[in-house]
Amino acid sequence: MQATIRAIAPYLPESVLTNDTIAAAFPDWPADKIEKKLGVRERRISGAQEYTSNLAVAAAERLFKQTGVDRDSVDTLILVTQTPDYLLPTTACIVQQELRLPCKLAAFDLNLGCSGFVYALSVAKGLIEAGSSRRLLLITADTYSKLLDPKDQSVRTLFGDAAAATLIEGVESDRTLIGPFDFGTDGSCANHLIARNSAMRGLSENKPPWLRMNGGEIFAFTLRVVPPSVESVLAQAGLTLDQVDLFVFHQANGYMLEHLRQKCRIPREKFVVAMAECGNTVSTSIPLALTHALERGRL
């Protein structure tokens, strides 16, 4: 058995935060400058009583309606999020109950951000190809807006809330359908993107859990580590860059994506940029970009 992606269904909250609204709060950061720098015109924001589980359930319901798949046939649920409803129980368990999925399925969270979709694909592939799962529901969902300091223009202009449900199944095939992968970890960079006053350490501080980002350091890190990672994946797959039809990166921001495209020597027509109407949606950015490419006949 080989793991394969059968379908993806995205979900975006109804509330829209435009560049004009942000520019009104930050006069030195006009709307056209935001779009030119970040590649974002607007982003979706979850409601005051709309949480990660709500977005996740909405995306999954859309997937079931789109595919006609019997929800009782799902045997594994992976939820990728860094904004869980609670520290415990696991948000995947809340989603299982809300979706009325069978109690016999495995359900767990992965606490990962930008890399979350790729990590979860690897886990899903392992479970299916080891025979532990046959039909897996992978949901990415985050409400980063609830971590954003209204006075911090660097993060408020960038991040949006979203969810996506991806159906992954086992099929008989003589070739690999998902993978290979290239991973890496550098915990010394933790302070460059951190919600310091959150979880156990934050409870004792009695301060808002605002997300803080050192954009310059993240940009430098990305340009240093991503191009070699692309080369590694191509080498593992036995492919050259010219043989790949489409490259779909995490949609961090337009400025970073263009620099990565140039450094990796990827032609513009083979490179997806799909964040103008949603911003950086963290682990959901890749499934959103895949959907964007599919709807436009690029995938």
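These numbers were taken from a predicted model, which means no experiment stands behind them.

Sorry, what's going on with the sheet that holds strand S4 (residues 76-80) here?
Hydrogen bonds along the backbone pair up the strands of a sheet, which may run parallel or antiparallel. Taken together, five strands build an open sheet; the order of strands is S1-S7-S6-S4-S5 and the sheet is mixed. Each edge of the sheet is formed by a strand with only one pairing partner; in this case those strands are strand S1 (2-11) and strand S5 (106-110). Across the sheet, the mean angle separating the axes of adjacent strands is 20° when strand polarity is ignored. Alignment of S4 against strand S6 (residues 135-142), held across five bridges, turns out to be parallel. Residue isoleucine 78 lies in a different strand from S6, and its bridge partner there is leucine 138. Across the sheet, helix H4 (residues 91-99) touches S4, S5 and S6, and the angle it forms with S4 is around 125°.

Whenever I open this one, the pairing of S4 confuses me. Can you help?
Side chains on a regular strand alternate between the two faces of the sheet. Across the five residues of S4, five count as buried, placing the element largely inside the fold. A two-sided burial pattern is seen for S4, the buried positions comprising Thr76, Ile78 and Val80 on one face and Leu77 and Leu79 on the other. Pairing of S4 with S5 involves five bridges; the strand directions are parallel. Looking at S5, one finds that threonine 76 is bridged to alanine 106. The handedness of the S4 to S5 crossover, carried by H4, is right-handed.

I tried to follow helix H8 (residues 215-237) on my own but got confused; where do I start?
Because each turn of an α-helix spans 3.6 residues, side chains separated by three or four positions in sequence point in the same direction. For H8, spanning 23 residues, the distance from its first C-alpha to its last is 32 Å, which sits close to the expected 33 Å at 1.5 Å a residue. Where H8 bends most, the angle comes to about 25°, and this point is threonine 222. Buried within H8 we find Phe219, Thr222, Leu223, Pro227, Val230 and Leu234. Along its buried surface, H8 packs onto helix H9 (254-263). Two residues or fewer past H8, glycine 238 is found with a positive phi of approximately 70°.

What exactly am I supposed to notice about the packing of aromatic side chains here?
Taken as a whole and judged by the stated rule, the model has five aromatic pairs. Ring geometry for tyrosine 144 against phenylalanine 159: centres 5.0 Å apart, planes inclined by 50°, an arrangement best described as tilted. Note that tyrosine 144 is positioned in the loop between S6 and helix H6 (153-156) and phenylalanine 159 in the loop between H6 and strand S7 (162-171), a separation of 15 residues in sequence. One aromatic cluster is present, built from ring pairs that chain together Tyr119, Phe181 and Phe183. Cation over ring: lysine 37 sits above tyrosine 255, and NZ or CZ is 4.0 Å from the ring centre. Cation over ring: lysine 146 sits above tyrosine 51, and NZ or CZ is 5.1 Å from the ring centre.

The rules we used
Residues numbered from 1 in each chain as written. Predicted model: local features only at pLDDT ≥ 70, side-chain atom pairs only at ≥ 80, totals over all residues. Heavy atoms only, no water. Pairing = 2+ DSSP bridges. Helix = DSSP H or I, 4+ residues; strand = E, 2+ residues; numbered from the N terminus. Axes fitted to C-alpha atoms, helices over the stretch in contact; angles between N-to-C directions. Contact = heavy atoms within 4.5 Å. Buried < 20%, exposed > 50% of the residue type's maximum accessible area, 1.4 Å probe, protein only. Right-handed = clockwise from strand over helix to strand, strands pointing away. Expected span 1.5 Å × (residues − 1). Bend = angle between axes of the 7 residues up to and from the residue. Phe/Tyr/Trp six-rings, centres within 6.5 Å; stacked < 30°, edge-to-face > 60°. Lys NZ or Arg CZ within 6 Å of the ring centre and 35° of its normal.

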